[in-house]
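# Architecture at a glance
Given next are the chains, with one letter for each unit.
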Amino acid sequence: MLRQQDVGHRIVVRRIVGIREGRPLFSDALGELVELSETHLTLATAQGPLRVPMAQVHRAKRVPPTRRPTAAAVVALERAADEAWPAPTRGRLGDWLLRSAEGWTGRANSALPIGDPDRPLPAAVDAVERWYADRGQPAMINTPLPLAAPVGAELDERGWGSRPPTLVQIAPLPLAMPTPGPTPPTGGTPLPGAAGAHRAVIEVATAPSDEWLAVAAGRKGGLPDAARHVLTAVDQVCFAHAYVDGTLVAIGRGTVTGQGRWLGLSLIEVLPPLRRQGLARRVIDTLAEWGASAGATHAFLQVEQHNAAAVALYRTLGFTTHHTYLTRVAPH
């Protein structure tokens, strides 16, 4: 049967659709798993969303994607993502990237093993371990799959651990969005829920406000100096601020990298009291409009595979999984 780590992947489900002469009738459905709970699962199929009660599921399993991205496509997207989340301390090991940011986020504190490290694989991993040891940090390596599968096999032999899988998802611009309602006279955006009592005004800026940084710090467990570099040291960067009654209630960050092709979305965060009212969608829409105006043709984001709610939201916006990666951590 399926597990939470299958969310965001292509699956096939055989479900019971009736009984004839005492025997069950089955029907198969193929699509991307966007939600999995104890009571039901939801598939995004070519015909639209399909919600299947677990009591009707006879069998279900993950299946390979229809087309896997080329190695060149994975490398290009990973490099665009690195540009969008730039670690202040960097090194190189042949084509491999070495990154450090005072321990703030796995992406900015891990090696990216794409290309040729200019030495045998075991020696390359040894060099990664030494580079991070010299900085007093645990060695971590992000392994895009299946591109970096040989690296993963070497790390398995060394007993390296693994963080939860992350989905790298993409969508063309403009994003798929629901039909907007009428714009209120104040310029805010009406939100569903509570009979539209809350109104959000979304502003964009080239730098984050102190309030924006406080929300980001709450999500990421603090903001060292290196974090401010990661957030702002991009040529084309945008910070979305969503206000309700003058109070900041949601944030988001957008970047344009990869020779101007890719809008990167990150730190989409809504304060708990106003979640599930459409604010995240509105913030993403604002950033997508900004990215398109800057010339980006596609958007990407990175989301942990087990975050079913976020994966489901991104699916409604047209995002599909391009590839996955694992953050591998050296044993103590």
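Going by the structure above, here's the rest.
We now turn to the structure provided with this report.

Reading guide: rules and limits
- Residues numbered from 1 in each chain as written.
- Predicted model: local features only at pLDDT ≥ 70, side-chain atom pairs only at ≥ 80, totals over all residues.
- Heavy atoms only, no water.
- Salt bridge = Lys/Arg side-chain N within 4 Å of Asp/Glu carboxyl O.
- Helix = DSSP H or I, 4+ residues; strand = E, 2+ residues; numbered from the N terminus.
- Buried < 20%, exposed > 50% of the residue type's maximum accessible area, 1.4 Å probe, protein only.
- Pairing = 2+ DSSP bridges.
- Axes fitted to C-alpha atoms, helices over the stretch in contact; angles between N-to-C directions.
- Parallel < 35°, antiparallel > 145°, perpendicular 65-115°, else oblique.
- Contact = heavy atoms within 4.5 Å.
- Nonpolar A, V, L, I, M, F, W, Y, C, P; charged D, E, K, R; others polar.
- Phe/Tyr/Trp six-rings, centres within 6.5 Å; stacked < 30°, edge-to-face > 60°.
- Lys NZ or Arg CZ within 6 Å of the ring centre and 35° of its normal.

Scanning all chains against the criterion turns up 10 salt bridges. We note a salt bridge from arginine 99 to aspartate 82, for which the minimum N-O separation is 3.0 Å. Of this pair, arginine 99 sits in strand β7 (residues 96-100) while aspartate 82 is found in helix α1 (residues 71-84), placing the two residues 17 residues apart along the sequence. Overall, arginine 99 belongs to the buried group, its relative accessible area being 5%. On the accessibility criterion, aspartate 82 (7% relative accessible area) is buried. With a shortest N-O distance of 3.7 Å, glutamate 129 and arginine 158 are connected by a salt bridge. Taken as a pair, glutamate 129 in helix α2 (residues 121-134) and arginine 158 in the loop between α3 (149-157) and β9 (161-162) lie far apart in primary sequence, 29 residues in all. Overall, the relative accessible area of 25% leaves arginine 158 in the partly exposed class.

Taken in spatial order, the five strands make up an open sheet running β4-β3-β2-β1-β5, and their pairing is antiparallel. One side of each edge strand has no neighbouring strand; the edge strands of this open sheet are β4 (48-53) and β5 (57-62). The sheet shows a mean angle of 35° between the axes of neighbouring strands, taken without regard to direction. Pairing of strand β2 (residues 23-36) with strand β3 (residues 40-45) involves four bridges; the strand directions are antiparallel. When the bridges of β3 are listed, glutamate 32 appears paired with alanine 44.

The element strand β17 (residues 320-329) is extensively covered by neighbouring structure, given that seven of its 10 residues are classed as buried. Strand direction decides the pairing type here: strand β8 (residues 140-145) and β17, joined by six bridges, are antiparallel. Residue threonine 143 lies in a different strand from β17, and its bridge partner there is leucine 326. Where β9 and β17 come together, two bridges link them in antiparallel fashion. Counted as the bridge partner of serine 162 is arginine 328 from β17. Inspection of the sheet shows strand β10 (residues 166-172) paired to β17 by five bridges, in the antiparallel sense. Bridging across to β17, threonine 166 finds its partner in tyrosine 325.

Here we take up the packing of α2 against α3. Where α2 meets α3, the closest approach of the two axes is 10 Å, and the angle between their N-to-C directions is 70°. Considering their axes alone, α2 and α3 lie roughly perpendicular with respect to each other. The residues of α3 that touch α2, namely those facing Leu121, Pro122 and Val125, are Pro150, Val151, Glu154 and Leu155. Considered class by class, the residues forming the contact of α2 with α3 number six nonpolar, no polar and one charged.

With that out of the way, let us pick up the packing of aromatic side chains. Counted by the stated rule, this structure contains five aromatic pairs. Ring geometry for tryptophan 85 and tryptophan 104: centres 5.5 Å apart, planes at 15°, overall stacked. Placement of tryptophan 85 in the loop between α1 and β6 (89-93) and of tryptophan 104 in the loop between β7 and α2 is noted, with a sequence separation of 19 residues between them. Each member of the pair, tryptophan 85 as well as tryptophan 104, carries the same accessibility label: buried. Over the aromatic face of tryptophan 85 sits the side chain of arginine 107, whose NZ or CZ is 4.2 Å from the ring centroid. Positioned over the ring face of tryptophan 131 is arginine 135, at 3.8 Å from the centre of the ring.

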